[in-house]
Amino acid sequence: VQLQASGGGLVQAGDSLRLSCAASGRFFSNYVMGWFRQAPGKEREFVATITGSGGSTYYADSVKGRFTISRDNAKNTVHLQMNSLKPEDAAVYYCAARWTLHGLGTLTTENQYHYWGQGTLVTVSS
């Protein structure tokens, strides 16, 4: 599967932004999807994940209550709605995918994912 992330941009603290990740290929609902981010000088970190059906989600503590991950399996897309953005949310955001049986699994580490998008830059000014 190939992933294409989009939707990044420059926003002010407190604003919202919606990232999208378009996936190619078949059987999208068998893929657990995740979002990670990497700020300058820092390691890439987990942000959110969603199961194949969209029925289960999991978030990093740093974004819980502000970010929402969702997916549209009919359109092979996954979204990350980011509200109440903070300067510390600024990073390159990557979407990732892994095929699993029935699309199940809570995958929160980089090495659990097999496919990665190219990243989209989010800049948050204070």
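The coordinates are above.
In this report, we go over the structure that sits alongside the text. Worth saying up front: this structure is predicted, and the values here are computed from it rather than measured.

1. Some points on the overall build of the protein chain
Of the regular secondary structure elements, the protein chain holds zero helices and 11 strands. Reading the secondary structure of the protein chain in the N-to-C direction produces β-β-β-β-β-β-β-β-β-β-β. A compact globule built from 126 residues would reach a C-alpha radius of gyration of about 14 Å, and the protein chain, at 13 Å, matches this within 12%. In terms of overall dimensions, the protein chain has a C-alpha envelope of 45 × 25 × 25 Å along the principal axes. Looking at the protein chain as a whole, 44% of its 126 residues qualify as buried. Across the protein chain, the fraction of contacts at a sequence separation of at least 24, relative to all contacts at a separation of at least 6, is 60%. As presented, the protein chain carries roughly 6,400 Å² of accessible surface, and 48% of it is formed by carbon and sulfur atoms. Charge separation in the protein chain, taken as the distance between the mean sites of 11 positive and 8 negative side-chain charges, equals 8 Å.

2. Section: the state of the cysteines
The tally for this structure, following the rule as stated, stands at one disulfide. Shown here is the disulfide that connects C21 with C95, its sulfur atoms set 2.1 Å apart. Taking the torsion about the sulfur-sulfur bond, which here is approximately 60°, the covalent link between C21 and C95 counts as right-handed. With C21 in strand β3 (residues 17–23) and C95 in strand β9 (residues 91–99), this pair connects stretches of sequence that are 74 residues apart. Across the pair, exposure class does not vary: C21 and C95 are buried alike.

3. Some details on the sheet that holds strand β1 (residues 3–6)
The strand order across the open sheet formed by four strands is β1-β3-β8-β7, and the pairing between neighbours is antiparallel. The sheet is open, and its two borders are formed by β1 and β7 (67–72), each paired with just one other strand. Strand-to-strand twist in this sheet, taken as the mean axis angle between neighbours without regard to direction, amounts to 15°.

4. Looking at the pattern of salt bridges
Under the defined criterion, the tally for this structure stands at five salt bridges. D89 is the partner of R37 in a salt bridge, and the nearest nitrogen-oxygen pair spans 2.9 Å. Separated by 52 residues along the polypeptide, R37 in strand β4 (residues 31–38) and D89 in the loop between β8 (77–82) and β9 bring together distant segments of the chain. Each member of the pair, R37 as well as D89, carries the same accessibility label: buried. With its nearest N and O atoms 3.0 Å apart, the salt bridge here joins D61 to K64. Judged by relative accessible area, which is 47%, K64 ranks as partly exposed.

What counts, and at which threshold
- Residues numbered from 1 in each chain as written.
- Predicted model: local features only at pLDDT ≥ 70, side-chain atom pairs only at ≥ 80, totals over all residues.
- Heavy atoms only, no water.
- Helix = DSSP H or I, 4+ residues; strand = E, 2+ residues; numbered from the N terminus.
- Rg over C-alpha atoms; globule rule 2.2 N^0.38 Å.
- Buried < 20%, exposed > 50% of the residue type's maximum accessible area, 1.4 Å probe, protein only.
- Contact = heavy atoms within 4.5 Å.
- Areas by Shrake-Rupley, 256 points an atom, 1.4 Å probe, with all protein chains shown as cover.
- Lys, Arg positive; Asp, Glu negative; His and termini not counted.
- Charge placed at Lys NZ, Arg CZ, Asp CG, Glu CD.
- Disulfide = S-S within 2.5 Å.
- Pairing = 2+ DSSP bridges.
- Axes fitted to C-alpha atoms, helices over the stretch in contact; angles between N-to-C directions.
- Salt bridge = Lys/Arg side-chain N within 4 Å of Asp/Glu carboxyl O.

Fair warning: the whole summary comes from geometry, so function is off the table for now.
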